[in-house]
Amino acid sequence: MIIDSHAHYALKQFNGVFPYLYDDGEKWAVGEADRNTLFAEMQKRGVVGAIEPSIELSKIEKQLELVSARPSQMWAAVGVHPTRCVKYGFEERTKLKDLAERGGAVAIGETGLDHHYPPDQCDREAQKRWFVYQIELADSLGLPLVLHVRDADGEALEILYRYKDKLHGGVAHCFKGDHAMAERYIELGYAVGIGGKLFSKDEDGEALCDTVKNAPLSSILVETDAPLVAPDVSDVFGDEKQKFRNTSLILPAVIRKIAELRGEPRDKTEETIYQNTLRVFGLKL
């Protein structure tokens, strides 16, 4: 069984009927579905659920509606993404606690730091304020964190180490660093989220493969960030890949790749990662 530790099925890209990418057991393929049909296909193929982290404070209510309609397939993480925190006054932060408690959140996030954009396009001080607040909120609720850290690992880790007595584990979402960087997150009790980037044919992909080979299997989760961060399938579909939605149905291929890189049985790899996900998020199925 597989749980997608990070997907965004409340986004409008999953409204209506859409083409989606999936692994058919031997190769990449494309299907067509609406949101309900996709979730039925996920169950059929052994993807039993997904964690749905929030991005926008103003859209959490909609996210919680979707999650509450699928209590055995979806679980919410509630937070404000670092690139979105500038849209909200810091005084609005108190809404998060109510939403997390009312929505039965299993984690706080996405939260962290994102330095991908120049400072004049994204207020880095505001990011830090919201990040620290969400660390403290997660501590008060005894919840793990879903970390979004892009081009800012050094500063994010500095903050996490400063607040290490308030941490309750979690996941470094969409991890793309090398093994040395992974070790720093793992030391703080975090798993690393592995998804479509594992198939990248570049230096980032090579570094991530090295991480997967060397990190403890007990510290690995799988994710998609659906509909984003699709695997590189340009050798199969060329430019047409831009038209497909990334979905949790790529995860059998991700797990197969992890097992191959580690030289371990696929079934054992899948079961361990499944148990990791239950543990990190405190899920009981």
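Let me sum up the structure you'll find in this document. (Residues numbered from 1 in each chain as written. Predicted model: local features only at pLDDT ≥ 70, side-chain atom pairs only at ≥ 80, totals over all residues. Heavy atoms only, no water.)

1. So, the packing of aromatic side chains
- Across all of its chains, the model carries 9 aromatic pairs by this definition.
- Ring centres of Tyr9 and Phe14 lie 4.8 Å apart, and the angle between their planes is 55°; this geometry places the pair in the tilted category. Across the pair, exposure class does not vary: Tyr9 and Phe14 are buried alike.
- Geometrically, the ring pair formed by Phe90 and Tyr133 is edge-to-face, given 6.4 Å between the ring centres and 85° between the ring planes. With Phe90 in the loop between β5 (74–78) and α3 (95–102) and Tyr133 in helix α4 (residues 124–141), this residue pair connects regions lying 43 residues apart in the sequence.
- Judged by its relative accessible area of 15%, Tyr133 falls in the buried class. (Phe/Tyr/Trp six-rings, centres within 6.5 Å; stacked < 30°, edge-to-face > 60°. Buried < 20%, exposed > 50% of the residue type's maximum accessible area, 1.4 Å probe, protein only. Helix = DSSP H or I, 4+ residues; strand = E, 2+ residues; numbered from the N terminus.)

2. Focus: the sheet that holds β5
- Strands sit in the order β1-β4-β5-β6-β7-β8-β9-β10 across an open sheet of 8 strands; the sheet is parallel. For this open sheet the edge positions go to β1 (2–4) and β10 (220–222), each flanked by a neighbour on one side alone. Recorded for the sheet is a direction-independent mean angle of 30° between the axes of neighbouring strands.
- Alignment of β5 against strand β6 (residues 107–114), held across 2 bridges, turns out to be parallel. What sits directly across from Ala77, in β6, is Ala107.
- Lying over the sheet, helix α2 (residues 60–68) contacts β4 (47–53) and β5, oriented at roughly 160° with respect to β5.
- Across the sheet, helix α10 (residues 266–281) is in contact with β1, β4, β6, β7 (145–150), β8 (170–172), β9 (190–194) and β10; its angle to β10 comes to roughly 95°. (Pairing = 2+ DSSP bridges. Axes fitted to C-alpha atoms, helices over the stretch in contact; angles between N-to-C directions. Contact = heavy atoms within 4.5 Å.)

3. Topic: the pairing of β7
- With 5 of 6 residues buried, β7 lies mostly within the body of the structure.
- Summarising the sheet, β6 and β7 pair through 6 bridges and their orientation is parallel. By the bridge assignment, Asp114 is partnered in β7 with Arg150.
- In this view, the connection linking β6 to its parallel neighbour β7 by way of α4 has right-handed handedness.
- Sheet topology note: the β7/β8 ladder contains 3 bridges and is parallel. Along β8, the bridge assignment pairs Leu147 with Ala172. (Right-handed = clockwise from strand over helix to strand, strands pointing away.)

4. Remarks on the packing of helix α5 (residues 153–162) against helix α6 (residues 179–187)
- It is the contact of α5 with α6, at a shortest axis distance of 11 Å, that shows an interaxial angle of 20°. Comparing the axis directions of α5 and α6 gives the class roughly parallel. α6 is crossed by α5, and the crossing has left-handed handedness. Here Asp153, Ala156, Leu157, Leu160 and Tyr161 of α5 come into contact with α6, specifically with Met181, Arg184, Tyr185 and Glu187.
- Grouping the constituent residues of the contact of α5 with α6 by class yields 6 nonpolar, no polar and 3 charged. (Parallel < 35°, antiparallel > 145°, perpendicular 65-115°, else oblique. Left-handed = near helix turned anticlockwise from the far one by under 90°. Nonpolar A, V, L, I, M, F, W, Y, C, P; charged D, E, K, R; others polar.)

5. With respect to the layout of surface pockets
- In this structure, the largest pocket occupies an estimated 1,000 Å³ of space.
- Every residue lining the largest pocket is counted, 38 residues in all, and those nearest its centre are His81, Glu110, His148, Asp225 and Leu228.
- Those elements that place two or more of their residues in the lining of the largest pocket are β4, α2, β6, β7 and α6.
- Among the elements that make up the lining of the largest pocket, the one with the highest residue count is β7 (4 residues).
- Across the lining of the largest pocket, the residue classes break down as 15 nonpolar, 9 polar and 14 charged. (1 Å grid on protein atoms, 1.4 Å probe; cavity = no way out; pocket = protein on both sides within 12 Å on 5 of 7 lines; lining within 4 Å. Points joined across faces, edges and corners; volume = space filled by probe spheres on them.)

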